[in-house]
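Structural description and commentary
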Amino acid sequence: MRTKSWTWRLGMGVAALVLGATSLQAGSGRAALLWGTAGNDVLIGADDDNQDNAAIHPPGTAADQSLKRADMLFGMEGDDLLIGLLGDDYLDGGPGDDVLVGGTEQGVAPNSDLQVGGDGNDVAVWAGGDGSDAFAGGAGLDAIVFAVIDRDGANVPTVQMVNTGYGERPAVTANLTGAPGFCTIDPAPAGSGYEWLVRFVRRTDNVLLVTVRVQSVEQVFCASRAGGGAEWADLTSYSGGELRPVTLDRIRELNPLAGAMVR
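The notes below deal with the structure included here.

About the cut-offs
- Residues numbered from 1 in each chain as written.
- Predicted model: local features only at pLDDT ≥ 70, side-chain atom pairs only at ≥ 80, totals over all residues.
- Heavy atoms only, no water.
- Disulfide = S-S within 2.5 Å.
- Helix = DSSP H or I, 4+ residues; strand = E, 2+ residues; numbered from the N terminus.
- Buried < 20%, exposed > 50% of the residue type's maximum accessible area, 1.4 Å probe, protein only.
- Salt bridge = Lys/Arg side-chain N within 4 Å of Asp/Glu carboxyl O.
- Core = buried A, V, L, I, M, F, W, Y, C linked by side-chain atoms within 4.5 Å.
- Contact = heavy atoms within 4.5 Å.
- Lys, Arg positive; Asp, Glu negative; His and termini not counted.
- Phe/Tyr/Trp six-rings, centres within 6.5 Å; stacked < 30°, edge-to-face > 60°.

Brief notes about the state of the cysteines
- Counted under the stated rule, the structure contains one disulfide.
- Each disulfide pairs two cysteine sulfurs, and for Cys-183 the partner residue is Cys-222, the sulfurs being separated by 2.3 Å. On the sign convention where negative means left-handed, the S-S torsion of about 75° between Cys-183 and Cys-222 marks this disulfide as right-handed. Of this pair, Cys-183 sits in strand β17 (residues 181-187) while Cys-222 sits in strand β20 (residues 219-223); the two residues are 39 residues apart in sequence, bridging distant segments of the chain.
- What makes Cys-183 buried here is its relative accessible area of 1%.
- Classification of Cys-222 as buried rests on a relative accessible area of 0%.

Below, the structure is given as structure tokens:
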């Protein structure tokens, strides 16, 4: 099997912690925009396009000149991992099997992310505290996962090597069965361009927390209504009602990339 390598392109203040990977840091004032390579990349947003950045927001200026920590990440070709962190981020995986993480934002607004998978089998991971997002999967087998993403003390998702059955690759890991809510699915409004509205409901009081708009997404994986288990929906044949129970082993069969990340 051919060994794959990954290039890390990180926002300032974020360190490469595993894999001995190359860290390519963007310069001050332009770190909110990161481009990947024709290979496999790990891109992590800088969150530095804010009012504290004097190159963006001149001292003494009254009107906010910043993007409020928004980042734009373009994976380009290859099997990429894109992590936006805080702000309203735009993530575009490009061709390849990509993992997209808009947050984690832990309830800090603004926190509505726009994510595009592109060609390939892509997985978007939404965590509690993230906002209402949109995910357009593109061609391929695409999935959205609602789970508690593992992260470090700085609230940055921890990047781990996972084995998809086709070799190892960087991804995030997450507690799916222990997530604090469950999912419901409604048709998207006619003319919106989206196909489904996937809603995350807090289990303790049945309060709707967020709605993720999806288009060209085939699978939804979420915690069970009762907790301690998992449920899923095949959006290619979904016709309404509750999601179906699914085991972690079955998730690995249905979607090897998603299954390698969750527990």
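After that view of the structure, there is still more to cover.
Let's talk about the pattern of salt bridges
- Summed over all chains, the structure comprises seven salt bridges.
- For Arg-252, the salt bridge goes to Asp-249, with nearest N and O atoms at 2.7 Å. Placement of the pair is Arg-252 and Asp-249 together in helix α1 (residues 248-254), with a separation of three residues, close to one helical turn.
- The exposure class of Arg-252 is partly exposed, given its relative accessible area of 38%.
- The class of Asp-249 is exposed, set by a relative accessible area of 52%.
- The closest approach of N and O atoms between Glu-253 and Arg-250, which form a salt bridge, is 2.9 Å. Here the residue Glu-253 and the residue Arg-250 both occupy positions in helix α1, the gap between them amounting to three residues, near one helical turn.
- Of the residues examined, Arg-250 reaches a relative accessible area of 39% and is grouped as partly exposed.

With respect to the nonpolar core
- By size, the foremost hydrophobic cluster in this structure holds 33 residues, and its most contacted members are Ile-83, Val-99, Val-125, Val-145, Val-172, Phe-221 and Met-261.
- Among the elements that line this core, the one with the most residues is helix α2 (residues 256-261), at three residues.
- When sequence neighbours within four positions are dropped, the list of residues in contact with Val-172 reads Leu-81, Ile-83, Val-99, Val-101, Val-125, Ile-149, Pro-157, Thr-158 and Met-261.
- Core analysis: the second largest hydrophobic core is formed by 26 residues, Leu-73, Leu-82, Val-210 and Val-220 among them.

Re the side chain of Asp-80
- Tracing the sequence through the fold places Asp-80 in the loop between β5 (72-74) and β6 (81-83).
- Here Asp-80 sits buried without a salt bridge, and the closest side chain of opposite charge, Arg-169, lies 6.9 Å off (N-O distance).
- In this view, Asp-80 contacts Gly-39, Asn-40, Asp-41, Gly-75, Gly-93, Asp-97, Asp-98, Val-99 and Arg-169; residues no more than four positions away in its chain are not counted.

What about the packing of aromatic side chains?
- All told, the structure shown has seven aromatic pairs when counted by the stated rule.
- Between Phe-146 and Phe-200 the ring centres are 5.9 Å apart and the planes differ by 5°, which places this aromatic pair in the stacked class. Residue Phe-146 is found in strand β12 (residues 143-146), and its partner Phe-200 is found in strand β18 (residues 196-202); the two are separated by 54 residues along the sequence.
- An aromatic cluster of at least three residues, connected via ring pairs, comprises Trp-35, Phe-74 and Tyr-90.

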